[in-house]
Every structure is written in structure tokens, then in C-alpha cells.
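# Tertiary structure, described
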Amino acid sequence: MPDNSDMTPLPTGEGRLQAFAKEHASQASKNAAAAVGPYVLALLMVALVWQLAIVALDPPSTILPSLGKVAGTFFEELFSGELLVNAGVSLARVATAWLISGVIGIPLGVLIARNGMAERLIDPVIELFRPISPLAWIPLAILWFGIGEAGKVFIIFIATFFPIVLNTVDGIKRVDPVLLRAGQVLGCTNSAELFFRVMLPAALPSILVGLRVSFGTGWAAIIAAELVAANSGLGYLIADGMEILRSDLVMVGMIAIGIIGVLVDALFKALAKRIA
């Protein structure tokens, strides 16, 4: 009779589940390391150049503070709650302007893409105003809206509006005509049904890119927006640090803007992958 003593028993259902969980966790760890690794390397390179500049130039701390001083100020502002409050205020301003831009920009982009007359009338206006920097709108924002929140949201709106419109137009125009014909064959009996069931889902990746780029440009414009008599926000923190010659505060604000920008961009990437 054959000797079965050395045969490996087949894993039970629970064993297979545990093996799958371990494999999934291992893959997730590898993916996380691959995603985080470049940022860690970039931080190390920046820290190295920073430290070499301090050693070589020996600048005053008001010009270029040490890594230790900036780290100490960062954690001091973080644990006191000031950094979180300022970051929350800036995020609220950008999110408000971004949502307004989406509500206006996506329908407008659809209209431009689907209506030749609208494209001929509106596209030149967009191309005329698009190159104007949000900084150039600060005087008008103060004149029109005063020094309250509306002026700050308006400046960020200027920065966030155009990427949404342009990417929506591009996404709608790039929808494959084969998909439209397939939708008609499969039961889309009118243009509205064809738009919502075929055209909009096909254009969604491009629209999401526009929303992602738009949030990034709005987040980059937060400094300009919070120059309008702000008393809170990361832009205010940077401007305040500049006025009192606290370059460590300026860098803390810059670091916070960078970290939040990377996190928000990662969320958009994850959402785009899930939808795709």
C-alpha cells in the first residue's frame, strides 16, 4: 500500500481564507510602500539639500531656519490646534469655491461640447479670461465683495473654474460615436437618456481629471486668496510669519499646504481607479 504519511493535507476553507488574507495584506503593504516610497525619497533629498545649504552658507535663522527648528514649530502649531484650525479654514474655502465651480463648470462644459452656437459664443470668452492670474483679480475682489469670505472664495473660484470646463468639454467631445450608436441600439430612445446612460459615464474619467486638477489649482491659489485681509488660514499663517520675520512659520505653512495637497490628490487618484 502507498505510504500517505508524507502527503500534505489540503487546506480547509478557513485555511484558504487565512492564506488569501495574508496574501492580500502582503500585496497591500507592497502597494503602499510603492506609493509612499517616492515621497519619502523626495523628503530625504530636500532635507539633505536643506542641511547642506545651512552648513555651507550659515544663514541667519530668520532667513533659513534649521530642520530642527521648523520641525519643532510644526509640532508646536499642530498640538496647540492652530495648524489644524488654519488648515480647516483653508480647506473650507477651497472646497466651497471648487463645488461652485463644479456646479457651474460641468453643465457649461456639456453645453459648449454639444452645441456649436454655444461653443462659438462662449469659448472665446473663456480663452480670453483663462490666462489671467487669480492674483490679478484681488483688487476687483476687494472692490466687489469687500474683505469678507466672499472675496476669498471668488479668487479661488477663478483658479478652479477653467480646468473643470475645459476637461468637461474634452471628455464629452471624445466620446466614441460607436458607444452612442450602441446605446441607441440597446434602448436609449431619446437624447437625454443617451446622455445620462452613455455619454456622461464615458466622459466621467475626463471630468474627474478636471475636478482633480481644479482642486489642485484652487489649493495653490489659497495664498493669493488669503492675502485679502484674512485673519485665519494657511495663507494667513504664511503672511503672518513673513511680517514678524518667522521663516519657520512660513515653512510650516508651506509644508502643511504640500502635505494636504498630496493627500487630496491621492484621494482623487483612488476615486478615479475605483470608477475606472
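Residues numbered from 1 in each chain as written. Predicted model: local features only at pLDDT ≥ 70, side-chain atom pairs only at ≥ 80, totals over all residues. Heavy atoms only, no water.

### A short note on the overall build of the protein chain
What counts is decided by this rule: Only DSSP runs of H or I reaching four residues or more are called helices, and only runs of E reaching two or more are called strands; each is numbered from the N terminus. Classification of residues uses two cut-offs on accessible area relative to the type maximum, computed with a 1.4 Å probe and protein chains only: under 20% is buried, over 50% is exposed, and between them is partly exposed. For this analysis, residues touch if any pair of their heavy atoms sits within 4.5 Å. The Shrake-Rupley method, run with a 1.4 Å probe sphere, supplies the accessible areas, and residue values consider only the shown protein chains as cover.
Across its full length, the protein chain holds 11 helices and 0 strands. Out of the 276 residues belonging to the protein chain, those deemed buried represent 34%. Taking the intrachain contacts of the protein chain between residues at least 6 apart in sequence as the baseline, contacts between residues at least 24 apart amount to 71%. Carbon and sulfur atoms provide 70% of the accessible area of the protein chain, an area that totals close to 16800 Å².

### Some details on the packing of helix α10 (residues 234-243) against helix α11 (residues 247-275)
Worth spelling out the cut-off: Interaxial angles span 0 to 180 degrees and are taken between N-to-C directions of axes, which are lines fitted to C-alpha atoms, for helices over the stretch in contact. Roughly parallel here means an angle under 35 degrees, roughly antiparallel means over 145, roughly perpendicular means 65 to 115, and every remaining angle is called oblique. With the far helix as reference, a near helix turned anticlockwise by less than a right angle produces a left-handed crossing, and one turned clockwise produces a right-handed crossing. Only Asp, Glu, Lys and Arg are considered charged, only Ala, Val, Leu, Ile, Met, Phe, Trp, Tyr, Cys and Pro nonpolar, and every remaining residue, Gly among them, polar.
Two elements in contact, α10 and α11, have axes whose closest approach is 7 Å; the angle formed by their N-to-C orientations is 160 degrees. In this view, α10 runs roughly antiparallel relative to α11, as classed from their interaxial angle. The chirality of how α10 crosses α11 is left-handed. The residues of α11 that touch α10, namely those facing Leu234, Leu237, Ile238, Gly241 and Met242, are Leu249, Val250, Val252, Gly253, Met254, Ala256, Ile257 and Ile260. Broken down by class, the residue content of the contact of α10 with α11 amounts to 11 nonpolar, 2 polar and no charged.

### A closer look at the layout of surface pockets
For the record, the criterion: With a 1 Å grid spanning the protein atoms alone, the term cavity applies to any set of points in which a 1.4 Å probe fits but cannot get out, the term pocket to an open set with protein on both sides within 12 Å along at least five of seven lines, and the term lining residue to any residue with an atom within 4 Å of a point. Grid points are joined across faces, edges and corners, and a volume is the space filled by probe spheres set on the points.
If you add up the space inside the largest pocket, you get close to 1000 Å³. Around the largest pocket sit 26 residues that line it, and Tyr39, Leu43, Gly258, Ile259 and Val262 are the ones nearest its centre. Mapped onto the lining of the largest pocket, the elements with two or more residues apiece are α1 (13-57), α2 (67-80) and α11. Grouping the amino acids of the lining of the largest pocket by side-chain chemistry returns 22 nonpolar, 1 polar and 3 charged.

### Points about the pattern of salt bridges
Here is the rule: Whenever Lys or Arg places a side-chain nitrogen within 4 Å of a carboxyl oxygen from Asp or Glu, that contact is recorded as a salt bridge.
Applying the stated rule across the entire model yields 8 salt bridges. Residue Arg130 pairs with Glu127 through a salt bridge whose shortest N-O separation is 2.9 Å. By relative accessible area, which is 39% here, Arg130 ends up partly exposed. On the basis of relative accessible area, Glu127 is assigned to the partly exposed category, the value being 33%. Between Asp265 and Lys269 there is a salt bridge, with the nearest N and O atoms lying 3.7 Å from each other. You can see Asp265 and its partner Lys269 sitting in helix α11, 4 residues apart, about one turn around the helix. Residue Lys269 is classed as partly exposed on the basis of its relative accessible area, which comes to 35%. Here the residues in one salt-bridge network are Arg93, Glu149 and Glu226, joined through shared partners.

### Some details on α2
Counted only if it meets this: Working rule for helices: expected span equals 1.5 Å times residues minus one.
Given a rise of 1.5 Å per residue, 14 residues ought to cover 20 Å, and the 20 Å separating the end C-alpha atoms of α2 matches this to within 8%. Positioned one or two residues after α2, Gly81 has a phi angle of 95 degrees, which is positive.

### A look at the packing of aromatic side chains
The test is simple: Aromatic rings from Phe, Tyr and Trp, taking only the six-membered ring of Trp, are treated as a pair when their centres fall within 6.5 Å; an angle between ring planes under 30 degrees marks them as stacked, one over 60 as edge-to-face, and anything in between as tilted.
Tallied over the full model, the rule gives 13 aromatic pairs. Ring centres 5.6 Å apart and planes at 90 degrees place the aromatic pair Phe74 and Phe75 in the edge-to-face group. With relative accessibility at 16%, the residue Phe74 sits in the buried group. Seen from their ring centres, Trp144 and Phe154 are 5.9 Å apart, and the 70 degrees between their planes marks the pair as edge-to-face. In this pair, Trp144 is assigned in helix α5 (residues 138-145) and Phe154 in helix α6 (residues 149-173), connecting sequence segments 10 residues apart. Taken together, the ring pairs in this structure connect Phe129, Trp137, Trp144, Phe145 and Phe154 into an aromatic cluster.

### A closer look at the environment of Val262
For Val262, the position within the fold is in helix α11. Val262 sits 223 residues away from Tyr39 along the chain, and the two C-alpha atoms are 9.3 Å apart.

### Remarks on the nonpolar core
Selection rule: Definition of nonpolar core: a set of buried residues of the types Ala, Val, Leu, Ile, Met, Phe, Trp, Tyr and Cys, connected through side-chain atoms within 4.5 Å.
Core analysis: the largest hydrophobic core is formed by 57 residues, its most contacted members being Leu83, Ile155, Ile172, Leu211 and Leu234. Here this core takes 12 residues from α6, the largest share from any one element. When sequence neighbours within four positions are dropped, the list of residues in contact with Leu83 reads Phe74, Glu77, Leu78, Leu234, Leu237, Val252 and Ala256.

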